[in-house]
Amino acid sequence: MEMIEVENHLKDDDYILQNSFDLAKSLCTLYNNADSQSVSKVQNLVIRSLEKYELFGSSKIIIDDLLRELKLFPYLNSDELSLADTLAYLAHTTDIGNDSEAVLHGPQAEIFYKLLSGVSVVLSAPTSFGKSLIIDAVIASQKFSNIVIVVPTISLIDETRRRLSKFKENYKVITHSLQERFDKNIYVLTQERVIEEDFVGDVDFFVIDEFYKLSTWADGGNRCALLNEAFYRLYKKCEHFYMLGPNINGVAGEFIENVKFEFIKYNYNTVVTEIHDFTGSDKEGSLIDICKKVEGPTIVFSSSPDRANKAAELIYENIQTEPGNKAKQLATWVSENYHAEWILTIALRNGVGIHHARIPRGVSQYIVDLFNSGEIKYLVCTSTLIEGVNTSAKNIVCYDDKINRKKLDIFTFNNISGRSGRMFKHFVGNVYILSPPPVDQLPLVELPLYNQDENTPDSLLLNIDEKDLTENGKEKIKKYYEQDYLSLETIRLNKTIDPNDQVNFAKALEMNFQSWSHMLLWRGFPDYEQLSFICALVWNNFNGKSLGNRSVSSTKQLAFKINQLMSKPTIHDIVNDRLSYNENSDITSIISKELDFKRLWANFHFPRILRAIETITNEYLRKNNINYECEYTAYASSVENYFYDSSIVALEEYGLPVEISALIEDYLSTDGDLDEALNRLSEVDTSAIEDPVVKSFIERAAYGI
């Protein structure tokens, strides 16, 4: 039989029942005749046969033999193995922590033993490969005392922290610089936290998840520069690493010459992806038809939060779906704390989850849990869900073929479609495409840290030791050495701020100090006039108009909203206030802008720029022998934490929304001692909590502490 015949027969239960031996025999023939190019197609057929495994009756032993030949050991049934299969199965079984074991497939075992032998590995493999399980096995080996795991987003910190909490008997899992180190630590950090001064101590082994973000093509912004610096700092401490990611063609550039590692690329699937072509048809109609027809948990990928909201609306207005009780309870809680007419409230009530950057982090994480547990069938998302978040989707609908306005490349498309299917749950995943897929080549990863060419950010070069700079690198940043307005020490200190912006602000300060001084020289908290002045500096000197997703439209509005934070208004109050002025206001738009303001302006841009203004101003004061020192740090920290104790906001990273931690604010406030706040959280008696959502959020956040 040809491959296509076997594939079609594997979809026909009656045929399998009546011809199980012939079909199993055909699979063997295809395997025996396969070359290196076609063996993966045979592997897909064998995985398809697992969906109908029981129908093979006495021929199951043939399927088991094929699984062993293909090194798919996790799929072997340990109770029904021959002696040879049993030995192979046991040889690939390893400890993964908390007295539990896992069976590795062949390529997983190869990577695992290379890492244990001291080889650094850069691994490119499909989403379903099980790359993260190798990390667990390495930790369980107890070979390393201090391990750093770098993940791209704060949301992934919590997901990884939960998974690794099983090692807490032997390691302290640290996610924040507010925590103390123990003798043996697993740091789970974003790149920004890796490079915080005096935070990470000794390192014996480090991991960078989604390592392709080291390339400028993956993230041309400051995050790429920071991740490169994180690698640079970690590699100075330890030359043993594991970097993992999907669908990379190779590693290129000067990185190869300067770092000792082994690049390994696998196109090794553990689930099958079936593409269904709906291109050329009406998108909205196709989305509705597909969602009506599919069985199993379904993710709908959209290009932007607005498009995701639109897709969610299309689904719940056209398809009747009954959500589980927990989803209904979350909808009630969201209604009470945000608004009954917010699109998230309406979507959850109708069995549709939404996941994008304009949904509060803790709520997003809770929604993913509801999706994975079957409480909601549909999850509409943007790119926020494709950067390593684990889901159990059987189906992916590519509603859009862009991220924001940029067309998807083949790398991102593969990353999205690779989310379909799940080992042991959905052997065959479905991807429904509504636009033609990209056809370009898979990309190469190059590190600007080592290339030091015109694409290397100045901020990165300025934070590399001078002895590690190439002649090109030195030439590129020569202008900073040759200017007298601002020291390199201060520029490096403000590493999240563009060096050009810093120098230009120092120039402006020198020209205008006499007229600015009465507004700049303050300590502690500013009065409203001083705050307004600072907001104008931020807006005019640090490109404020383009920041914060345009959630603020002027310096006056920025000052008003920063000042408003002091009274700790709830989103619900803000929405009602806006409606009292204009009852026709769009509620979803109000909430989106308010969440963007808090997440982007208050929690990130305003405090970092304020701290930079402070350091630049103080350097000017010292240079000019003016006996005064500005002190903005306390105010920057207060804004960053929405005027709550810093522990309260840090707990948001553990999945606890501020709306809930604020209910027990006095109990959880510990003057920034996060370890103590976590201890207190773990001791909360949830049996006395009546609200099921509040109880669930607290228990979820306390998991693994």
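Residues numbered from 1 in each chain as written. Predicted model: local features only at pLDDT ≥ 70, side-chain atom pairs only at ≥ 80, totals over all residues. Heavy atoms only, no water.

## What about the overall build of the chain?
In plain terms, the rule: For helices the rule is a DSSP run of H or I covering at least 4 residues; for strands it is a run of E covering at least 2, with both sets numbered from the N terminus onward. To get the radius of gyration, use the C-alpha atoms; to get the globule rule, take the number of residues to the power 0.38 and multiply by 2.2 Å. Exposure classes here rest on a 1.4 Å probe applied to the protein chains alone. A residue is buried below 20% of its type maximum, exposed above 50%, and partly exposed in between. Residue contacts are defined here by distance: any two heavy atoms, one from each residue, within 4.5 Å place the two residues in contact. All tallies of charge rest on Lys and Arg as positive and Asp and Glu as negative; His and the ends of each chain are not included. To locate a charge, take NZ of a lysine, CZ of an arginine, CG of an aspartate or CD of a glutamate.
Helices and strands together make up the secondary structure of the chain, namely 33 helices and 19 strands. Taken against the 2.2 N^0.38 rule, which gives 27 Å for 705 residues, the C-alpha radius of gyration of the chain at 27 Å falls within 12% of a compact globule. Referenced to the eigenvectors of the C-alpha coordinate spread, the extents of the chain come out at roughly 90 × 60 × 55 Å. Split into buried and exposed, the 705 residues of the chain put 57% on the buried side. For the chain, contacts bridging at least 24 residues in sequence account for 70% of all contacts bridging at least 6. Of note, the chain has its 71 positive side-chain charges centred 3 Å away from the centre of its 102 negative side-chain charges.

## So, the packing of aromatic side chains
As a reminder, the rule being used: Planes of paired rings set the category: under 30 degrees apart is stacked, over 60 is edge-to-face and the rest tilted, where pairs are Phe, Tyr or Trp rings (Trp by its six-membered ring) whose centres lie within 6.5 Å.
All chains considered together, the criterion is met by 36 aromatic pairs. Seen from their ring centres, Trp333 and Tyr338 are 6.2 Å apart, and the 65 degrees between their planes marks the pair as edge-to-face. The pair formed by Trp333 and Tyr338 is uniform in burial state, with each residue classed as buried. Aromatic pair Trp522 and Tyr635: ring centres 6.2 Å apart, planes at 85 degrees, arrangement edge-to-face. Here the residue Trp522 occupies a position in the loop between helix H23 (499-520) and helix H24 (528-541), and Tyr635 occupies one in helix H28 (residues 633-640), the gap between them amounting to 113 residues. Through pairs of rings, three or more aromatic residues link up here, namely Phe206, Phe231, Tyr235, Phe241, Phe255, Phe261 and Tyr450.

## A short note on the pairing of strand S4 (residues 146-150)
Note the cut-off: Strand pairing follows a simple DSSP-based rule, namely that at least 2 bridges must link the two strands.
Counting buried residues along S4, five of its five residues qualify, which places the element largely inside the surrounding structure. Note that S4 and strand S6 (residues 185-189) share five bridges and pair parallel. Note that in S6 the partner of Ile147 across the bridge is Ile186. Looking at chain direction, S4 and strand S7 (residues 205-209) are connected through four bridges and run parallel. If you follow Ile147 over to S7, its bridge partner there is Phe205.

## Section: unusual backbone geometry
Although it is not a glycine, Asp198 sits at a positive phi angle of roughly 55 degrees. Structurally, Asp198 is set in the loop between helix H9 (191-194) and S7. Its relative accessible area of 75% is what places Asp198 among the exposed residues. One non-glycine residue with positive phi stands out, namely Asn549, at about 55 degrees. Positionally, Asn549 belongs in the loop between H24 and helix H25 (555-564). Under the relative-accessibility criterion, Asn549 is labelled partly exposed at 42%.

## Comments concerning helix H10 (residues 222-237)
To be explicit about the condition: The length a helix should cover is 1.5 Å for every residue beyond the first.
Given a rise of 1.5 Å per residue, 16 residues ought to cover 22 Å, and the 23 Å separating the end C-alpha atoms of H10 matches this to within 8%. Of the positions making up H10, those classed as buried are Cys224, Ala225, Leu226, Leu227, Asn228, Glu229, Ala230, Phe231, Tyr232, Leu234 and Tyr235.

## Points about the packing of helix H4 (residues 60-69) against helix H5 (residues 83-91)
The condition that has to hold: Angles here are taken between N-to-C directions and fall from 0 to 180 degrees, while the axes themselves are lines fitted to C-alpha atoms, restricted in helices to the stretch in contact. Any angle from 65 to 115 degrees is called roughly perpendicular, while one under 35 is roughly parallel, one over 145 is roughly antiparallel, and all others are oblique. Working rule for handedness: look at the near helix, and if it is turned counterclockwise from the far one by less than a right angle, call the crossing left-handed; if clockwise, right-handed. Each residue gets one of three labels, nonpolar for Ala, Val, Leu, Ile, Met, Phe, Trp, Tyr, Cys and Pro, charged for Asp, Glu, Lys and Arg, and polar for the others, Gly among them.
The N-to-C vectors of H4 and H5 enclose an angle of 40 degrees; their axes lie 11 Å apart at closest approach. One way to sum up the angle between H4 and H5 is to call them oblique. Read as a crossing pair, H4 and H5 show a hand that is left-handed. Seen from H4, the contacting residues are Asp64, Asp65 and Arg68; seen from H5, they are Ala84, Asp85 and Ala88. Considered class by class, the residues forming the contact of H4 with H5 number two nonpolar, no polar and four charged.

## Section: the sheet that holds strand S8 (residues 241-245)
With parallel pairing, seven strands are arranged side by side in an open sheet as S5-S6-S4-S7-S8-S3-S10. If you trace the sheet from one side to the other, it starts and ends with strand S5 (172-174) and strand S10 (262-265), each paired once. Ignoring which end each strand starts from, the neighbouring axes of this sheet average 15 degrees apart. Here S5 pairs with S6 via three bridges, running parallel. Within S6, the position partnered with Val173 by the bridge is Ile186. Contacting S4, S5 and S6, helix H8 (residues 154-164) runs over the sheet at an angle of about 155 degrees to S6.

## Some words on the pairing of strand S15 (residues 395-398)
Side-chain alternation along S15 places Asn395 and Val397 on one buried face and Ile396 and Cys398 on a second face that is also buried. Across four bridges, strand S12 (residues 298-301) lies against S15 in parallel orientation. Bridging across to S15, Thr298 finds its partner in Asn395. Strand direction decides the pairing type here: S15 and strand S18 (residues 428-433), joined by four bridges, are parallel. If you follow Val397 over to S18, its bridge partner there is Tyr432.

## Focus: the environment of Tyr632
Heads up, the rule is: Polar contacts here mean pairs of N or O atoms no more than 3.5 Å apart (in protein, one a potential hydrogen donor and the other a potential acceptor; neighbouring residues in sequence count only if both atoms are side-chain atoms).
Of note, Tyr632 is situated in the loop between helix H27 (587-623) and H28. Taking the C-alpha atoms as reference points, Tyr632 and Ala612, 20 residues apart in sequence, are found 9.7 Å from one another. Excluding its chain neighbours within four sequence positions, the residues that come into contact with Tyr632 are Leu520, Trp522, Ile534, Leu610, Ile613 and Glu614. A distance of 2.5 Å separates a polar side-chain atom of Tyr632 from the backbone oxygen of Leu520.

## Thoughts on empty space enclosed by the protein
So the rule is basically this: Throughout, the protein atoms alone are placed on a 1 Å grid, and a set of points is a cavity if a 1.4 Å probe fits but cannot get out or a pocket if it is open with protein on both sides within 12 Å along at least five of seven lines; lining residues have an atom within 4 Å of a point. Grid points are joined across faces, edges and corners, and a volume is the space filled by probe spheres set on the points.
The tally for this structure, following the rule as stated, stands at two cavities of 30 Å³ or more. Every residue along the wall of the largest cavity is listed here: Tyr485, Leu486, Ala506, Leu509, Glu510, Ile616, Glu619, Tyr620 and Lys623. Within the residue set of the lining of the largest cavity, elements represented by two or more residues are H23 and H27. Top contributing element to the lining of the largest cavity by residue count: H27, with four residues.

## Looking at the sheet that holds strand S14 (residues 378-381)
The strand order across the open sheet built from six strands is S11-S18-S15-S12-S14-S13, with neighbouring strands paired in parallel fashion. The open sheet terminates on both sides in strands that have one partner only, identified here as strand S11 (272-277) and strand S13 (352-355). Neighbouring strand axes in the sheet, compared pairwise and without regard to direction, differ in orientation by 20 degrees on average. When S12 meets S14, the two strands line up parallel, connected through four bridges. Residue pairing in the sheet places Ile299 in a bridge with Leu379 of S14. Contacting S11 and S18, helix H3 (residues 39-51) runs over the sheet at an angle of about 95 degrees to S11.

All quantities given are derived from atomic positions and should not be read as evidence of function.
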